[in-house]
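# Working through the structure, step by step
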Amino acid sequence: YYQGFLIDITEQKKSHLKSQQQFRELRLLNKVIAASANETRIERILETACKELSLAFDLPQTVAVLLDADKYRATVVAEYMVPDIESGAQPRSLLDQSVALDEQSPVRQLVAATSPLVIHDIQSDQRMNVMRDMLEDRGISSLLLTPLAMNGYSTGCLVMGSSQPDYFTDDK
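Here goes a summary of the coordinates provided. Given the structure is predicted, the values throughout are model-derived calculations rather than measurements.

## Focus on the overall build of the protein
- Helices and strands together make up the secondary structure of the protein, namely four helices and six strands.
- Helices and strands appear in the protein in the N-to-C order α-α-β-β-β-α-β-α-β-β.
- Among the 172 residues that make up the protein, the fraction classed as buried is 35%.
- Residue pairs in contact within the protein that sit at least 24 positions apart in sequence constitute 48% of those at least 6 positions apart.
- On the protein, roughly 11,500 Å² of surface is accessible, and the fraction owed to carbon and sulfur atoms is 53%.

Printed below as a string of structure tokens:
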């Protein structure tokens, strides 16, 4: 004769996962705040943000893009890339690369966005035509662009890239 019971721990598991996510986010925020308190150069602060975002969300690449004062050019001012473990190769740096922004440029629309923008699949998104080859070379399949703003004006964005399509959701 055996007697047993079952306990549904679904809610406990959800609560634990939520706590882990909150801890990761708080750790990320603390590192960026510490960098901003100890550093005066915006590029170094953004470099820390790129690294911590990539590590926190297990992303192969994050870059920070800033607009010039006239908003005619967007320039990569900070980046973090995870080296390819299998080959040990590191993609060519995007640091200091810039692109001219004309009024019709999809890059302008992406970089000057005022709310986060998700590109679920670079293959099917027409806005990615200009950058598709470069992103594919880096193994990037989806993007999350988070605006950077100062005094209510767009100054650039953080661009997080994942090797998985549809990686970014409302939960992330």
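## Remarks on the nonpolar core
- Ranked by internal contacts, the top residues of the largest apolar core, which has 20 residues, are Val65 and Leu143.
- Residue assignment for this core shows that the elements contributing at least two residues are strand E1 (61-67), strand E2 (73-81), helix H3 (106-111), strand E4 (117-119), strand E5 (142-150) and strand E6 (153-162).
- Of the residues forming this core, the biggest block, three residues, is contributed by E1.
- The contacts of Val65, once residues within four sequence positions are left out, are Ala74, Thr75, Val76, Val111, Leu148, Thr155, Gly156, Cys157 and Val159.
- With 16 residues, the next largest nonpolar core counts Leu59, Ala64, Val77 and Leu158 among its residues.

## Concerning the environment of Gln164
- Its place among the elements puts Gln164 in the segment after E6.
- Under the relative-accessibility criterion, Gln164 is labelled partly exposed at 44%.

## What about the environment of Ser141?
- Looking at the element boundaries, Ser141 is found in the loop between helix H4 (132-137) and E5.
- C-alpha separation for the pair Ser141 and Asp166, spaced 25 residues apart in sequence, amounts to 8.1 Å.
- The contact partners of Ser141, leaving out residues within four places of it in the chain, are His120, Asp121, Ile122, Ser162, Ser163, Gln164 and Pro165.
- A distance of 3.1 Å separates a polar atom in the side chain of Ser141 from the backbone oxygen of Ser163.

## Observations concerning the packing of aromatic side chains
- Considering all chains together, one arrives at one aromatic pair under this definition.
- An angle of 90 degrees between the planes, with centres 5.1 Å apart, marks the rings of Tyr167 and Phe168 as edge-to-face. For the residue pair Tyr167 and Phe168, the accessibility class agrees, reading buried in each case.

## Overview of the pattern of salt bridges
- Counted under the stated rule, the structure contains three salt bridges.
- The partner of Glu11 in a salt bridge is Lys14, with the nearest N and O atoms 3.9 Å apart. Here the residue Glu11 and the residue Lys14 both occupy positions in helix H1 (residues 10-38), the gap between them amounting to three residues, near one helical turn. Like Lys14, Glu11 is exposed.
- A salt bridge links Arg44 to Glu47; the shortest N-O distance between them is 2.8 Å. Of this pair, Arg44 and Glu47 both sit in helix H2 (residues 42-56), three residues apart, which is roughly one turn of that helix.
- Residue classification places Arg44 among the partly exposed positions, given a relative accessible area of 35%.
- For Glu47, a relative accessible area of 35% corresponds to the partly exposed category.

Criteria and cut-off values
Throughout, a residue's number is its position along its own chain's written sequence, starting from 1. Note on the predicted model: pLDDT of at least 70 is required for a residue's local features to be given, and 80 or more for side-chain atom pairs to be given and counted; whole-chain, interface and lining totals, by contrast, use all residues. Only hydrogens and water are set aside when side-chain values are computed; all heavy atoms of the structure are taken into account. Counting from the N terminus, the helices are the DSSP runs of H or I reaching at least four residues and the strands are the DSSP runs of E reaching at least two. Exposure classes here rest on a 1.4 Å probe applied to the protein chains alone. A residue is buried below 20% of its type maximum, exposed above 50%, and partly exposed in between. Residue contacts follow a heavy-atom distance rule, with two residues in contact if any of their heavy atoms lie within 4.5 Å. Each accessible area is a Shrake-Rupley estimate made with a 1.4 Å probe; only the visible protein chains count as cover when residues are assessed. Among buried residues, the Ala, Val, Leu, Ile, Met, Phe, Trp, Tyr and Cys ones that are joined through side-chain atoms within 4.5 Å form a nonpolar core. Two N or O atoms form a polar contact when they lie within 3.5 Å of each other; inside protein one atom must be a possible hydrogen donor and the other a possible acceptor, and for residues adjacent in sequence the pair counts only when both atoms belong to side chains. Aromatic rings from Phe, Tyr and Trp, taking only the six-membered ring of Trp, are treated as a pair when their centres fall within 6.5 Å; an angle between ring planes under 30 degrees marks them as stacked, one over 60 as edge-to-face, and anything in between as tilted. We define a salt bridge as a side-chain nitrogen of Lys or Arg found within 4 Å of a carboxyl oxygen belonging to Asp or Glu.

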